[in-house]
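Observations on the three-dimensional arrangement
Spelled out, the chains give:
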There are 2 protein chains.
Amino acid sequence: MTDRVIPARAPAGAPGDPAIEPSVRILPLGGLGEIGLNMMLLESGEDLLAVDCGLMFPDDEMPGVDYVIPDFSPLLARREQVRGVILTHAHEDHIGALPYLLRELDVPVYGPRMALALAGERLREHGLQDRARMVAVEPRRAFDVGGFRVEPLRVTHSVADGLGYGIETPVGTIVHTGDFKFDPNPIDGERADYHRLAELGERGVLCLMADSTNVDRAGTTPSEHEVGRALTDRVRRAPGRVIVATFASHVHRIQQILDLAVTFGRKVALLGRSMETSVRLAAEQGYLRVPEGVLLPLEELSALPAYRQVIISTGSQGEPNSALALMAAAEHKYLRVTEGDLVILSARIIPGHERTVMRVVNQLLRQGAEVLWDGVAFVHVSGHASQDELRLMLNLVRPQFFVPVHGEYRHLLAHRRLAQEVGVPAEHIFVVEDGQGIELTKTSARLRERVPLQRVLVDGKGVGDVGPVVLRDRQLLAEEGMVVVAVTVDRATGAVVAGPEIVSRGWVYEREAEAVLEDARAAVREALAERGETPLGREALVALLRGTVRRFITQRYDRKPVVLPVVLEV
Amino acid sequence: MTDRVIPARAPAGAPGDPAIEPSVRILPLGGLGEIGLNMMLLESGEDLLAVDCGLMFPDDEMPGVDYVIPDFSPLLARREQVRGVILTHAHEDHIGALPYLLRELDVPVYGPRMALALAGERLREHGLQDRARMVAVEPRRAFDVGGFRVEPLRVTHSVADGLGYGIETPVGTIVHTGDFKFDPNPIDGERADYHRLAELGERGVLCLMADSTNVDRAGTTPSEHEVGRALTDRVRRAPGRVIVATFASHVHRIQQILDLAVTFGRKVALLGRSMETSVRLAAEQGYLRVPEGVLLPLEELSALPAYRQVIISTGSQGEPNSALALMAAAEHKYLRVTEGDLVILSARIIPGHERTVMRVVNQLLRQGAEVLWDGVAFVHVSGHASQDELRLMLNLVRPQFFVPVHGEYRHLLAHRRLAQEVGVPAEHIFVVEDGQGIELTKTSARLRERVPLQRVLVDGKGVGDVGPVVLRDRQLLAEEGMVVVAVTVDRATGAVVAGPEIVSRGWVYEREAEAVLEDARAAVREALAERGETPLGREALVALLRGTVRRFITQRYDRKPVVLPVVLEV
């Protein structure tokens, strides 16, 4: 990891001699170029500090994988110098990989109470709750982590207690926004800290790292209050039961639904384990005011007339086995959706989930419910800043250097254009992706040599042991199925003394399988017989078995299942 | 398939005695409730007539499947009475399953020339070109198919030569719109036949079946000309090469790109086999005017300066191995995307393809190209009618009964609401899904008993032999991988004389696989040893092998691969 100036992507300013001039380095480990999980590493002298430690859920090309977590190797290579992790907010893509980091590294974790509470749940599942040192932080109460002085800054987002950070370093202040929007009238009254951001901007900020998620959206993201008003209007007119599916972590949305239930004399039941956990923790931590008596267990709620019932459920992405998916499939143990029900999917449809969500919508409609979702009705607002808010952030902080974060490459590029429009010089903006570090001095910034990072896959107890080859095998197996052809040979003579036995999965239709497998066995017997008495070597035998079965299947089916020959010796 | 009135969904009008009163029946075989493939069956006395015969491409839950085709069993059960198939237009979801029907059933196929030309290509691939009886039809030139008098009606759509049909039956006229929009100024000047639709409406239409795809969109779908103007503007300002990815079948889009290339003194190369085929056929059939000398082979185009090059390519959905995906991955044999290139994805992003398309977008941006796609720029218009056009269709045709077609259940429901708004009585509107037939008399309509339909999957040469069990096996294999454990036993004594041999795929990381497999073998040997001298029966042995390997893997990895025991006998 030697530093060098990369001439192709010219540096900004005139970097001094790094051996003499103090510098700070930032290295994105997740969230830049490929969204899904977020982690950023800051380095000043002997001190390393991580911002966030998130996980992502796998896509279709990672069958069987539970999670993807960041590659921690840049931290593990300098484990003695890692001073801590600071968390911005309670979303999985910012906190979910903490247990995997903390089992490797014993470092303190700083963050807002809600994020620490949810992270604590995860740590308990991993048996790490006793080891972890969790430190709750408050807006404007700065604290020291190694050589960094860190000041939490209130931001608004689709989660309670969201923070950005102002990080004082030897070369200047770095501002990291976390995920944010400027909600002019947030549910909890906790406005983003315009004043402190302005003050930092006035004093001078070396580098801003800002959320790029909604950079394609013109204007301003509506206030969370507006979706509350829209939902109120819908519930007012609802003749029967109201079922709202939303993200369990969206405490402000849940607050509004609880409040409007009270307004209309309805009671509320919670469905889904993560919903119950989130509501419990948020209430305990004081982020959610649960009006007296509004929450009921499902069985008590069901005893009320339909027009007095509200259900808040998980499953807004159509996740199989979620409460909503089970209701949609009429497979929920205690609930049947009926005519007169109003189902509201009060959430964004995450790209890749459209078909699943629409399947759930169709199923609910077939059962006679009215269904509203983002796209046909105003039932959700984003938690991320649109263009006007991004401009405001840039103008308040007016950084010397700008690094767009949290976005696909296309978002980062668009954020660069936006920053140029508000006056940040092009050569002071760094569009970098995960693994591409940047070195900052008081007056300059330059790219470092790129660090190769892996995607670390978690599958069951295995962390990182499922690699590209295993995934390719899984996809092959999925697309074509597999066939095992086994024989036993005499160790002395090489003659086949038992088999061929053939078994398969995912290849042919079960009803005709037996006849087909018998034909395949016959083909192998024939191929063996054709080779006559001369026994084959093991490799030749394996090749003959594989080749014969493959040919048989290709000719008859034009398919290419994975063929696995097994040779036993007696 | 006995008829009966289903009381729960009350019939409209007062149906007469079906034994005396003549009736016509319609039975949707595809496209209603689940979009993807389209086929509708009409039945009058002894005559069966099919409208369209489409295929769909599988989703993620059908690994390895090539296509899904309709369940032809209602036709095959009455094969002598099938009088023909009429095609509405050249899209795969309307014509793609023809080869599979025609190899079962020798019936004439009527359709517009462009659809017949493309269907002919498919039939040739299946060796059916000589058997098929293809009859080209023209708008307003009615023809007889059995007892039906069929009149083609010009409609506009995102394909050349789109048709709807007016079908005279003994009980009245049925109008099927096909896929349509009312483009006020279509590229080929062929407006939808407002006049004939009005005339039919004036005379009286028994039943309308109309495209529901865009029922969620307010207003009017813009004219194809508008996207042409927008593209012209983009190309005018493009400093270098222009690459446009679009659907091969979108002849009018291609026409506009050819024309604007001429306007700006550029030449055009086509990329992708389906693009070449479509352009060739459309030019041969007179649907595409290829300006003299504008088309060049890629190698000749590449010799020109970048600002004189236009490439029209397939791959607008990010399909792997498509020309565009290869360019994006910098793996195309002859083309490198560079700074200064403008890439336009002039197509809708089909739901489910967002991630793949965005990956391609990011890759192209990384190579320095400017990239435009539907969502950040106006580069595409739909071929389907929006709400105002759907209202116009209902008002022109003013049918006695209305059956929304071509849509998911949610679209069909929304189309019902729309029809009610323009005055169609609720009880005259039938929201039905595939398999749910309707019987029409001159004055009444009622539901028939529902016909159970299968999804027929095509995998290689196999049609219908991949069923739910095979798919479930494939998904299991994909998510967990598989492990084979094989032993050889002495037939006489039952003693294990060879093995255990263990092989696996998609389970563990290859580098550590050998040690793990050896541990697994040891576990099996131990389990066998524990059973002592008493030989096990075959079933007990299989259970022991499976159980031991499963336990081993669960304990060590918390995974559940498919375990396949194989027992050979000597």
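As a further point, take the overall build of chain A. In terms of helices and strands, chain A carries 16 helices and 27 strands. When its C-alpha atoms are laid out on the principal axes, chain A stretches across 90 × 75 × 45 Å. Here chain A holds 570 residues, and the buried ones make up 59% of them. Taking contacts inside chain A between residues at least 6 apart in sequence as the whole, the part at least 24 apart equals 72%. Of the roughly 22,600 Å² of accessible surface on chain A, a fraction of 48% belongs to carbon and sulfur atoms.

This paragraph deals with the confidence of the model for chain A. All names here are of chain A. On average, residues of chain A carry a pLDDT of 91, and 96% of them reach 70 or more. Low pLDDT, under 50, characterises residues 1-16; the predicted model gives this stretch 32 contacts beyond four residues in sequence or across chains. Model confidence for the complex: the whole-complex pTM is 0.90, and ipTM, which rates the interface, is 0.88.

Our focus in this paragraph is helix α6 (residues 224-237) of chain A. Residue and element names in this part refer to chain A. Taking 1.5 Å of rise per residue, 14 residues should cover 20 Å, and α6 covers 21 Å from first to last C-alpha, within 8% of that figure. Along α6, the residues classified as buried are E224, V227, G228, A230, L231 and V235. The buried residues of α6 occupy an angular sector of 165° when the element is viewed end-on, so they sit on one face. Within α6, the exposed residues directed more than 90 degrees away from the buried face are R229, R236 and R237.

Moving on: the pattern of salt bridges. Under the criterion given, the structure shown has 80 salt bridges over all chains. We note a salt bridge from R491(B) to E569(B), for which the minimum N-O separation is 3.5 Å. Placement of the pair is R491(B) in the loop between β25 (482-489) and β26 (496-505) and E569(B) in strand β27 (residues 562-569), with a sequence separation of 78 residues. The exposure class assigned to E569(B) is partly exposed, which follows from its relative accessible area of 30%. A network of salt bridges, in which partner residues are shared, links R25(A), E43(A), R78(A), E439(A), R446(A) and R448(A).

The two copies are related by a screw motion: chain A maps onto chain B through a turn of 180° and a shift of 0.0 Å along the axis, at an RMSD of 0.0 Å. This pairing of chains is accounted for by a two-fold axis. No C-alpha of chain A approaches the rotation axis more nearly than that of A478(A), which lies at 2.3 Å. Same-surface contact between copies: 100% of interface residues of chain A are shared with the interface of chain B.

To continue, consider the interface of chain A and chain B. Tallying the contact residues gives 71 residues for chain A and 71 residues for chain B. Here chain A and chain B share an interface that buries about 5,800 Å² over both sides, 57% of which is from carbon and sulfur atoms. Here chain A and chain B share six salt bridges between them. The tally of links between chain A and chain B comes to 17 residue pairs in polar contact (both at pLDDT 80 or more). Of all the secondary-structure elements, those providing two or more residues to the side of chain A that touches chain B are α11 (354-366), α13 (409-421), α14 (468-480), β25 (482-489), β26 (496-505), α15 (510-530), α16 (538-557) and β27 (562-569) of chain A. Classifying every residue of the side of chain A that touches chain B gives 31 nonpolar, 14 polar and 26 charged.

Before going further, it helps to spend a moment on the environment of I429(A). Residue and element names in this part refer to chain A. Relative to the helices and strands, I429 is located in the loop between α13 and β21 (438-440). Between the C-alpha atom of I429 and that of Y307, which follows or precedes it by 122 residues, the distance is 55 Å. Ignoring any residue separated from it by four or fewer positions in sequence, one finds I429 in contact with F402, P404, R416, A419, Q420 and V424.

Turning to the sheet that holds strand β9 (residues 143-145) of chain A, a few remarks are in order. Residue and element names in this part refer to chain A. Taken in spatial order, the six strands line up as β9-β10-β11-β12-β13-β19 in an open sheet, and their pairing is mixed. With one partner strand each, in any of the chains shown, β9 and β19 (401-405) form the two edges of the open sheet. Here the strands of the sheet are splayed against their neighbours by 25° on average, with no regard to which way each runs. Pairing analysis gives five bridges linking strand β13 (residues 207-211) to β19, with the strands arranged parallel. Directly across from D211, in β19, lies its bridge partner V405. Sitting on the sheet, helix α12 (residues 387-397) is in contact with β12 (172-176), β13 and β19, with an inclination near 165° to β13.

Turning our eyes to something else, we now look at the sheet that holds strand β9 (residues 143-145) of chain B. Residue and element names in this part refer to chain B. Taken in spatial order, the six strands of this open sheet run β9-β10-β11-β12-β13-β19, and their pairing is mixed. Each edge of the open sheet is held by one strand with a lone partner, namely β9 and β19 (401-405). Across the sheet, the mean angle separating the axes of adjacent strands is 25° when strand polarity is ignored. Sheet topology places strand β10 (residues 148-154) next to strand β11 (residues 163-169); six bridges connect them, and they run antiparallel. Of the residues in β11, the one forming a bridge with V150 is I167.

So, about helix α16 (residues 538-557) of chain B. Along its 20 residues, α16(B) runs 28 Å from first to last C-alpha, staying within 8% of the 28 Å computed at 1.5 Å per residue. Note on α16(B): the residue one or two positions beyond its end, D558(B), has a positive phi of about 55°.

Residue and element names in this part refer to chain B. Neither face of strand β17 (residues 342-345) is open: one carries L342 and I344, the other V343 and L345, and all of them are buried. Sheet analysis places strand β14 (residues 242-245) next to β17, joined by four bridges and oriented parallel. Following the sheet pairing, I243 is matched in β17 by V343. Direction of pairing for β17 relative to strand β18 (residues 370-373): parallel, over a ladder of four bridges. By the bridge assignment for β18, V343 is matched with V371. Once the chain exits β17 it traverses helix α11 (residues 354-366) before rejoining the sheet at β18, and the crossover so formed is right-handed.

Time to look at the packing of helix α5 (residues 194-203) of chain A against α12(A). All names here are of chain A. Between α5 and α12, the shortest axis-to-axis distance is 7 Å and the interhelical angle comes to 50°. By the criterion of interaxial angle, the relationship of α5 to α12 is oblique. Two secondary-structure elements touch here, α5 through Y194, L197, A198 and G201 and α12 through L392, M393, L396 and V397. Taken together, the residues that form the contact of α5 with α12 break down as seven nonpolar, one polar and no charged.

The next point concerns the pairing of β25(B). In summary, the side chains of a regular strand alternate between the two faces of the sheet. Residues and elements named next belong to chain B. With respect to burial, β25 is a largely interior element, eight of its eight residues being buried. The side-chain alternation of β25 yields two buried faces, one formed by M482, V484, A486 and T488 and the other by V483, V485, V487 and V489. Sheet topology places β25 next to β26; seven bridges connect them, and they run antiparallel. Residue V489 lies in a different strand from β26, and its bridge partner there is V496.

We now examine the packing of aromatic side chains. Applying the stated rule across the entire model yields 11 aromatic pairs over all chains. A network of ring pairs unites the aromatic residues F180(A), F182(A) and Y194(A) as a single cluster.

Right, let's talk about unusual backbone geometry for a bit. Residue and element names in this part refer to chain A. Positioned with a positive phi, A330 is a non-glycine residue whose angle comes to about 55°. Its place among the elements puts A330 in the loop between α10 (323-328) and β17 (342-345). Overall, A330 belongs to the partly exposed group, its relative accessible area being 32%. Positive phi values are uncommon outside glycine, yet R398 reaches one of about 30°.

With that settled, the discussion passes to the packing of α13(A) against α11(B). At a closest axis distance of 8 Å, the pairing of α13(A) and α11(B) adopts a crossing angle of 50°. Compared by their axis directions, α13(A) and α11(B) come out oblique. In this structure, α13(A) uses Y409(A), R410(A) and L413(A) to contact α11(B), whose residues at the interface are M358(B), V361(B), N362(B), L365(B) and R366(B). Counted by class, the contact of α13(A) with α11(B) contains five nonpolar, one polar and two charged residues.

Our next topic: the environment of V244(B). Residues and elements named next belong to chain B. As for its position among the elements, V244 is in strand β14. Using a relative accessible area of 2% as the deciding quantity, one classes V244 as buried. If near-sequence neighbours (up to four positions away) are discounted, V244 is found in contact with I257, I311, I312, S313, I344 and S346.

Following the sequence through the fold, D341(A) ends up in the loop between α10 and β17. Setting aside residues up to four positions removed in sequence, D341(A) forms contacts with R241(A), I243(A), R336(A), A369(A) and E370(A).

A few words on the environment of V310(A). Among the structural elements, V310(A) can be located in strand β16 (residues 309-313). Taking relative accessible area as the criterion, V310(A) reaches 1% and is therefore assigned buried.

Reading guide: rules and limits
Residues numbered from 1 in each chain as written. Chains lettered and ligands numbered in written order. Predicted model: local features only at pLDDT ≥ 70, side-chain atom pairs only at ≥ 80, totals over all residues. Heavy atoms only, no water. Helix = DSSP H or I, 4+ residues; strand = E, 2+ residues; numbered from the N terminus. Buried < 20%, exposed > 50% of the residue type's maximum accessible area, 1.4 Å probe, protein only. Contact = heavy atoms within 4.5 Å. Areas by Shrake-Rupley, 256 points an atom, 1.4 Å probe, with all protein chains shown as cover. pLDDT = per-residue confidence, 0-100. Expected span 1.5 Å × (residues − 1). Arc of directions from axis to C-beta. Salt bridge = Lys/Arg side-chain N within 4 Å of Asp/Glu carboxyl O. Least-squares fit on C-alpha atoms with pLDDT ≥ 70 in both. Buried area = accessible area lost by both parts, 1.4 Å probe. Polar contact = N/O pair within 3.5 Å; in protein donor to acceptor, adjacent residues only side chain to side chain. Nonpolar A, V, L, I, M, F, W, Y, C, P; charged D, E, K, R; others polar. Pairing = 2+ DSSP bridges. Axes fitted to C-alpha atoms, helices over the stretch in contact; angles between N-to-C directions. Right-handed = clockwise from strand over helix to strand, strands pointing away. Parallel < 35°, antiparallel > 145°, perpendicular 65-115°, else oblique. Phe/Tyr/Trp six-rings, centres within 6.5 Å; stacked < 30°, edge-to-face > 60°.

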